[in-house]
Amino acid sequence: QVQLVESGGGLVQAGGSLRLSCTASGHTLSSYAMGWFRQAPGKEREFVAAIRRSGGSTYYADSVKGRFTISRDNAKSTVYLQMNSLKPEDTAVYYCAAVFDEGTIATRWYEYDYWGQGTQVTVSS
């Protein structure tokens, strides 16, 4: 069982930056592909970014491409999401998720097996 805990959310002004972290307990993440998703009130959970287990391949939603960067440190069992040039429409609860890496990038929420509890990101205009 992989337990994930997100941190780093908060309130930031538009144009600002935040770095989210997702740390696994009880299990190494080195065999897992990782993803970040977000869900705004009244909206469906949407894909933000994903990274393969080695960190060599990443994928981003068009809405965050060029502004967000996903990375990982397998030695620390931690995945990061660096968010720059934040916009009010980035406001949401952000979740990290894990799935055993079988060779493809997973971008759909139902492809992931393990989830964190989420961290709130609020961007003020």
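Residues numbered from 1 in each chain as written. Predicted model: local features only at pLDDT ≥ 70, side-chain atom pairs only at ≥ 80, totals over all residues. Heavy atoms only, no water.

A few points about the state of the cysteines
- Taken as a whole and judged by the stated rule, the model has 1 disulfide.
- What pairs with C22 in a disulfide is C96, and their sulfur atoms sit 2.0 Å apart. As the torsion about the S-S bond is roughly 55°, the C22-C96 disulfide counts as right-handed. Of this pair, C22 sits in strand β3 (residues 18-25) while C96 sits in strand β9 (residues 92-100), and the two are 74 residues apart along the sequence. C96 matches C22 in its accessibility class, with the two residues each being buried. (Disulfide = S-S within 2.5 Å. Helix = DSSP H or I, 4+ residues; strand = E, 2+ residues; numbered from the N terminus. Buried < 20%, exposed > 50% of the residue type's maximum accessible area, 1.4 Å probe, protein only.)

Observations concerning the packing of aromatic side chains
- Within the structure shown, the criterion is met by 9 aromatic pairs.
- Summarising the aromatic geometry, the rings of F37 and Y112 are spaced 5.3 Å apart at their centres and angled 80° between planes, so their arrangement reads as edge-to-face. Placement of F37 in strand β4 (residues 32-39) and of Y112 in the loop between β9 and β10 (114-115) is noted, with a sequence separation of 75 residues between them.
- Exposure remark for F37: the relative accessible area of 1% places this residue in the buried category.
- Owing to a relative accessible area of 5%, Y112 belongs among the buried residues under this scheme.
- Ring geometry for F37 and W115: centres 5.2 Å apart, planes at 55°, overall tilted. Within this pair, whereas F37 is found in strand β4, its partner W115 is found in strand β10, the two being separated by 78 residues in sequence. (Phe/Tyr/Trp six-rings, centres within 6.5 Å; stacked < 30°, edge-to-face > 60°.)

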